[in-house]
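# Observations on the three-dimensional arrangement
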Amino acid sequence: MLFGGSFDPIHFGHLEIAKNVLKNQSHDEVWFVLAALNPFKMDATDFDKRKKMINLMIENIPNMKVCDIEKSLPIPSYSIDTLRALNAQYPQIQFSWLIGSDQIAGLPQWKNFESLEMLTDFYVYHREGYNEKHKYPIIYGKTYNVSSTEIRKGNALDTNPKVLSYMMHEGLYLKSMASNKLSKKRYEHCLRVMELAMTLGEKHQLDLKKVYLMAMMHDIAKEWDSQDLLDLMKAHFVNQVERHPAFYHAYAASYILKHDYHVADIEILDAIENHVDGNVSYDLGKVLFIADKCEKGRPYDTSALVSLAMSDLNEGFEAVKLSSQQFIKENL
């Protein structure tokens, strides 16, 4: 059974459908046919990264595999072209094509639909609320009320923890999450922090994937309700509750990465937890602290501090920290 989609990212709803296809016992395997997205589409997720996420989801599950044939086909890849290519590559296999009830009405508009029907058997996965008056076999099973869009926005976590962790470490959807969770002003601050942090990280030969992750997510809880922040601190950072509330969002961001997105990198978590006061020893933490305090949107001239940090990270860090400590002393 061919199960096509962009899987950007794959989630438990997709997996449940595949499991029910196999339970139906009409097919030996389910192949996730990964769609090739237009490379010129803004924020299109790399094909191989989407493929990796599918493999993380289905590893150790028998009779499921990824089909990456559309990577080698012209864009856009039409179903008729995909099926012809598969038939040529695997002449010994009889392929069926899975669609949802919501796709029935649009089937006649598919490219060369009459020829497509001659090449494959369509099976329909039942979805509530759609007309099931059609000629195709129906597969029934549980459906999840989740979408890839909501995962990309940071509103849902309904996918394998390994997929969530991979998303973070590869920097997938971070701009989407930040823009959805933060005000325009705060989001733009994060972008400026990221730009400066990436410049510093490249100069000092740091892991730029780690730099990007911590910079984009360091303020993800900045605009939480104050009571929600306090509740989280009491539940998970009881020894830090007595600190000024201005520090709380940093701990909340670290908690989100560790517990929601399964990020275990101590340096990233430490950098985020301590980006307010710069109580860090790792270079990643120093870069985030400097970038947060010296991004170009700050209402003061930070050019000399940035230049110092570019030439000597430790000296720049100490200079920025001294300046920040004076500010905290006067304002907090």
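Here, every reference points to the structure presented above.
In short, a report on the structure. In this text the structure is predicted, and so the values were computed from the model without any measurement.

Inspection of the entire model under this criterion finds 16 salt bridges. In this structure, Asp81 engages Lys111 in a salt bridge whose closest nitrogen and oxygen atoms are separated by 3.7 Å. With Asp81 in helix α3 (residues 79-89) and Lys111 in the loop between β4 (96-100) and α4 (113-119), this residue pair connects regions lying 30 residues apart in the sequence. Salt-bridge contacts for Arg243 lead to Asp277; the nearest nitrogen and oxygen are separated by 2.6 Å. Separated by 34 residues along the polypeptide, Arg243 in the loop between α10 (226-236) and α11 (248-260) and Asp277 in the loop between α12 (266-273) and α13 (283-294) bring together distant segments of the chain. Judged by its relative accessible area of 24%, Arg243 falls in the partly exposed class.

Now for α10. All buried positions along α10 are accounted for by Leu229, Leu232 and Met233. Buried residues in α10, looked at end-on, bunch into an arc of 100°, giving them a common side. For α10, the elements touching its buried residues are α11. The residue sitting at the N-terminus of α10 and contributing the capping side-chain oxygen is Asp225; that oxygen lies 2.9 Å from the backbone nitrogen of Gln227.

A word on the sheet that holds β4. The six strands are arranged β3-β2-β1-β4-β5-β6 in an open sheet whose pairing can be described as parallel. Among the strands making up the open sheet, the edge pair consists of β3 (64-67) and β6 (138-139). Here five bridges tie β4 to strand β5 (residues 121-125), and the two strands are oriented parallel to one another. By the bridge assignment for β5, Trp97 is matched with Phe122. Docked against the sheet, α3 engages β1 (2-5), β2 (30-34), β3 and β4, running at close to 150° with respect to β4.

Rules behind the numbers
- Residues numbered from 1 in each chain as written.
- Predicted model: local features only at pLDDT ≥ 70, side-chain atom pairs only at ≥ 80, totals over all residues.
- Heavy atoms only, no water.
- Salt bridge = Lys/Arg side-chain N within 4 Å of Asp/Glu carboxyl O.
- Helix = DSSP H or I, 4+ residues; strand = E, 2+ residues; numbered from the N terminus.
- Buried < 20%, exposed > 50% of the residue type's maximum accessible area, 1.4 Å probe, protein only.
- Arc of directions from axis to C-beta.
- Contact = heavy atoms within 4.5 Å.
- Polar contact = N/O pair within 3.5 Å; in protein donor to acceptor, adjacent residues only side chain to side chain.
- Pairing = 2+ DSSP bridges.
- Axes fitted to C-alpha atoms, helices over the stretch in contact; angles between N-to-C directions.

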